[in-house]
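An overview of the molecular structure
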Amino acid sequence: MFQALADAVGAEHVIAGDDPSVADLCADEALGVPAGKPAYVVWPADRDEVVAVVRAARAAGASVTARGAGTGLSGAATPDDGAVLLSFARMGRILEIDPVDAVAVVQPGVSLEDLDAAAGEHGLTYPVHPGEQTASLGGTVATNAGGMRAVRYGVTRAHVLGLEAVLADGTVVRTGGRLAKISSGYDLTQLLIGSEGTLALVTEVIVRLHPHLPARRTVLAPFTGAAGGADAVTAAVGRIVGAGLAPSVCEYLDGPTMRAVCAAADLTLGLPEDLVDADHLLVELAGRRAERVDEDAEELADTLSALGAAEVFDLPAGSARRLVEAREKAFWAVKAAGADEIVDLVVPRSAMAAFLGRARAVGDAHGSRVLGCGHAGDGNVHLAVFQPDPEQLAATLHGVFAAGIALGGAVSGEHGVGRAKAHHLAELGDPGALDVLRRVRAALDPEGTLNPGCSLR
């Protein structure tokens, strides 16, 4: 197989999987998924080389796992043993920024920060911020990444207009285009988004760009006492969104998580000590004109006070920016604190408080410490689970996922299923829907070439 891969991408772009130089490429950031042992790692430079790699691997009976920047949290970029690991690191060009149609055409290896910077030169922005801006466009398309700004802008699938992709047999397909809308047959673009490299390998992406909003105000509201906590935060979120304030950030942080993210960022907000351990709601408003944003911020403060916030802090711009950035990197803070697993689960926004209560009860039953934060505006909860015993950790995770499903939720809101949650999806997902997904996958990849250990079981 080496020679076929070398013919496809050049021998200098093929390395054996057991070479120490590629060890860091054989896993993503998922805490519970061990690194894979691929037969080879390859770096194609364009679509045609991707086609050649896929065909060479298929002929050799090897599977193919695609890798972007490796910042994912579900194990979707972790290869099976003996697989070909295909890195998109050499396919990192921004092909076009079109300010008239407000679209960008990019290769999958482009980072979010580079795309946003290029769009910014035209007064535009790419608003998907999943917490790690070094993430690649291809990786975020594969997992349908979200992030803190999804409450206003939606997740990745809301911004992808078209794709170029390579199927398991080497066929190249183009879906969608530079179109504001389309209603022509099955929506293959949306089918491929979130498929974690199991249906096709994306080689080009057309994304929608948005106007940059320069005016911002950020408030932090701690809730304490009998009227406080997650229930009050949930009620406040409903009122904020229902009032049409359109926050660009609407985040819930419990006290321990607030302490952890502030400590990790060396950030002192000057909160009274008795409020640091409260349940916090962090809200950012953004707009074109400062006076309009100021009016909305005053209405927001009045609403939060009326709903029982202990205080409403109007954060200075510098502190606000640092706190938002620290919250975006909460994973690294809880990882450094020794978390054994990170849970990404979504429930209806109104059920968020009930879910947090049930999740902590599950943790208590298994001797696990469960801490939480989340995108309160869309019900996406991120839990840090501290439990070193593997059996108790597994039982905790299963109970937490089951609690979320019982409230109308799903096992992932934005990180994807990957290898980390495939068995949870198989056990807790709707059987009929799972059967359809397996049939779709078998139709596009009957030999199981693309990422076979990922997503569905």
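In what follows, the structure referred to is the one given above.
Residues numbered from 1 in each chain as written. Predicted model: local features only at pLDDT ≥ 70, side-chain atom pairs only at ≥ 80, totals over all residues. Heavy atoms only, no water.

Considerations on a nonpolar patch on the surface
- A surface patch of nonpolar side chains, about 360 Å² in accessible area, is lined by Tyr186, Leu188 and Leu191.
- With respect to the secondary-structure elements, tyrosine 186 resides in the loop between strand S9 (172-176) and helix H6 (188-192). (Patch = residues over 30% accessible without salt bridge, like charges linked within 9 Å, V, L, I, M, F, W, Y side chains within 5 Å. Areas by Shrake-Rupley, 256 points an atom, 1.4 Å probe, with all protein chains shown as cover. Salt bridge = Lys/Arg side-chain N within 4 Å of Asp/Glu carboxyl O. Helix = DSSP H or I, 4+ residues; strand = E, 2+ residues; numbered from the N terminus.)

Comments concerning the side chain of serine 412
- Mapped onto the secondary structure, serine 412 falls in the loop between helix H14 (390-406) and helix H15 (422-428).
- Reaching out from serine 412, the side chain makes a polar contact with the backbone nitrogen of histidine 415 at a distance of 3.4 Å.
- When sequence neighbours within four positions are dropped, the list of residues in contact with serine 412 reads Asp344, Val346 and Lys421. (Polar contact = N/O pair within 3.5 Å; in protein donor to acceptor, adjacent residues only side chain to side chain. Contact = heavy atoms within 4.5 Å.)

Points about the nonpolar core
- Grouped together as the largest cluster of nonpolar side chains are 48 residues, with contacts concentrated most on Phe223, Leu281, Leu304, Phe355 and Leu383.
- Val110, Leu115, Leu163 and Leu209 belong to the second largest nonpolar core, which has 26 residues in total. (Core = buried A, V, L, I, M, F, W, Y, C linked by side-chain atoms within 4.5 Å. Buried < 20%, exposed > 50% of the residue type's maximum accessible area, 1.4 Å probe, protein only.)

A short note on the sheet that holds strand S18 (residues 380-386)
- If you walk across this open sheet you meet the seven strands as S15-S12-S14-S13-S17-S18-S16, and the pairing is antiparallel. Each end of this open sheet is capped by a strand with a single partner; those strands are strand S15 (313-314) and strand S16 (341-346).
- With two bridges connecting them, strand S12 (residues 215-223) and S15 associate as antiparallel partners. Each residue of the ladder has a partner; that of valine 219, found in S15, is aspartate 314.
- Helix H8 (residues 255-264) rests against S12, strand S13 (249-253), strand S14 (279-287) and strand S17 (369-375) of the sheet, and its axis sits at about 75° to S17. (Pairing = 2+ DSSP bridges. Axes fitted to C-alpha atoms, helices over the stretch in contact; angles between N-to-C directions.)

Topic: helix H10 (residues 290-306)
- For H10, built from 17 residues, the straight-helix expectation of 24 Å at 1.5 Å per residue is met to within 8% by its first-to-last C-alpha distance of 24 Å.
- Turning to H10, its buried residues number three or more, namely Val293, Asp296, Ala297, Leu300, Thr303 and Leu304. Buried residues of H10 fall within an arc of 125° about the axis and therefore sit on the same side. Exposed and facing more than 90 degrees away from the buried side of H10 are Glu295, Glu298, Asp302 and Ala306.
- Packing partners of the buried residues in H10 comprise S12, helix H7 (230-242) and S14. (Expected span 1.5 Å × (residues − 1). Arc of directions from axis to C-beta.)

Some details on the packing of aromatic side chains
- In the structure shown here, the tally under the stated rule is two aromatic pairs.
- Ring centres of phenylalanine 2 and tyrosine 40 lie 6.0 Å apart, and the angle between their planes is 45°; on these two criteria the pair is classed as tilted. You can see phenylalanine 2 sitting in helix H1 (residues 2-9) and its partner tyrosine 40 sitting in strand S2 (residues 40-42), a full 38 residues away along the chain.
- Aromatic pair phenylalanine 331 and tryptophan 332: ring centres 4.8 Å apart, planes at 70°, arrangement edge-to-face.
- Judged by relative accessible area, tryptophan 332 falls into the partly exposed class, the value being 34%.
- Taking the ring centre of phenylalanine 386 as reference, the NZ or CZ of arginine 369 above it sits at 5.9 Å. (Phe/Tyr/Trp six-rings, centres within 6.5 Å; stacked < 30°, edge-to-face > 60°. Lys NZ or Arg CZ within 6 Å of the ring centre and 35° of its normal.)

Thoughts on the packing of H1 against helix H2 (residues 47-60)
- At a minimum axis separation of 8 Å, H1 and H2 run at an interaxial angle of 170°. The angle between the axes of H1 and H2 places the two elements in the roughly antiparallel class. Between H1, through Ala4, Leu5, Ala8 and Val9, and H2, the contact on the second element is made entirely by Glu49, Ala52, Val53 and Ala56.
- Partitioned by chemical class, the residues of the contact of H1 with H2 number seven nonpolar, no polar and one charged. (Parallel < 35°, antiparallel > 145°, perpendicular 65-115°, else oblique. Nonpolar A, V, L, I, M, F, W, Y, C, P; charged D, E, K, R; others polar.)

Considering the pairing of S14
- Counting buried residues in S14 gives nine out of nine residues, a clear majority hidden from the surface.
- The two faces of S14 match: Asp279, Leu281, Val283, Leu285 and Gly287 on one face and His280, Leu282, Glu284 and Ala286 on the other face are all buried.
- Strand direction decides the pairing type here: S13 and S14, joined by five bridges, are antiparallel. Across the sheet, cysteine 250 pairs through a bridge with valine 283, a residue of S14.

Details of the environment of aspartate 24
- Relative to the elements of secondary structure, aspartate 24 occurs in the loop between strand S1 (14-16) and S2.
- According to the relative accessible area criterion, aspartate 24 is exposed, its value standing at 71%.
- Residues aspartate 24 and alanine 35, spaced 11 residues apart in sequence, show a C-alpha to C-alpha distance of 8.6 Å.

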